[in-house]
Amino acid sequence: MLKRIARIVLPLICAVACQSCGIYSFSGTSIQADIKTFTIEYMQYKALRVNPSLSNDLTEALTDQFRRFTRLEQVDMDGDLVIAGEITGYDVKAMAITANETAAQNRLTVTVKIYFTNNKYPDEDFDEGKSFSAYADFDATQLLDSVESTLCEEIIDKLVEDIFNATVANW
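Calculation rules
- Residues numbered from 1 in each chain as written.
- Predicted model: local features only at pLDDT ≥ 70, side-chain atom pairs only at ≥ 80, totals over all residues.
- Heavy atoms only, no water.
- Helix = DSSP H or I, 4+ residues; strand = E, 2+ residues; numbered from the N terminus.
- Buried < 20%, exposed > 50% of the residue type's maximum accessible area, 1.4 Å probe, protein only.
- Contact = heavy atoms within 4.5 Å.
- Expected span 1.5 Å × (residues − 1).
- Arc of directions from axis to C-beta.
- Patch = residues over 30% accessible without salt bridge, like charges linked within 9 Å, V, L, I, M, F, W, Y side chains within 5 Å.
- Areas by Shrake-Rupley, 256 points an atom, 1.4 Å probe, with all protein chains shown as cover.
- Salt bridge = Lys/Arg side-chain N within 4 Å of Asp/Glu carboxyl O.
- Lys, Arg positive; Asp, Glu negative; His and termini not counted.
- Charge placed at Lys NZ, Arg CZ, Asp CG, Glu CD.

Locating Val 110 in the fold gives a position in strand S5 (residues 103-118). For Val 110, a relative accessible area of 1% corresponds to the buried category. Each C-alpha atom of the pair Val 110 and Tyr 90 lies 4.7 Å from the other, and the pair is 20 residues apart in sequence. Filtering out sequence-adjacent residues up to four positions away, Val 110 remains in contact with Leu 54, Ile 87, Gly 89, Tyr 90, Phe 132, Ser 133, Ala 134, Ile 155 and Leu 159.

Here we come to helix H2 (residues 54-69). The end-to-end C-alpha distance of H2, which contains 16 residues, comes to 22 Å, matching closely the 22 Å that a straight helix rising 1.5 Å per residue would cover. Among all positions of H2, only Leu 54, Ser 55, Leu 58, Thr 59, Leu 62, Thr 63, Gln 65 and Phe 66 are buried. Along the axis of H2, the buried positions cluster into a sector of 160°, meaning they face one direction only.

Here the focus is a negative patch on the surface. A cluster of acidic residues, Asp 57, Glu 60, Glu 153, Asp 157, Glu 161 and Asp 162, forms a negative patch at the surface. Breaking the negative patch down by element, the ones donating at least two residues are H2 and helix H3 (144-169). It is H3 that contributes the most residues to the negative patch, four residues altogether. With respect to the helices, strands and loops of the structure, Asp 157 is situated in helix H3.

Below is the structure:
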């Protein structure tokens, strides 16, 4: 009977101890206990090629990631953690060339520069900004317009994961 109780209670105690210290969570974040809020500013669009919805989609996806995977409260300004950024690149390039010297596959690449401020622990800031880039390939027989929204969703998912990990997961 005592062993059975120990098997149930011991894992619970360990889980509570890990969670209560505030530095580690089961979502993989390492946020100090005194950090309570975050602010994500609207991503500015500075790339030459235009995608009118990309700034909004990236900003919303990053905000959703922080809401889902942290205990932090979102505030409009002056959060303990502040993420700002700009989309600096939105490029399509031929990747695979056929024997006829035509493109068989193209690559859409999105590059963002992120500025991260930790108002409680400034040594974690990205003072000069940090660039993140992600891409998705598509068949050259397809027009970018027909696959752009699907490609952008895939790219945004990759960017959000990388930005999240660099800011609060310390990976």
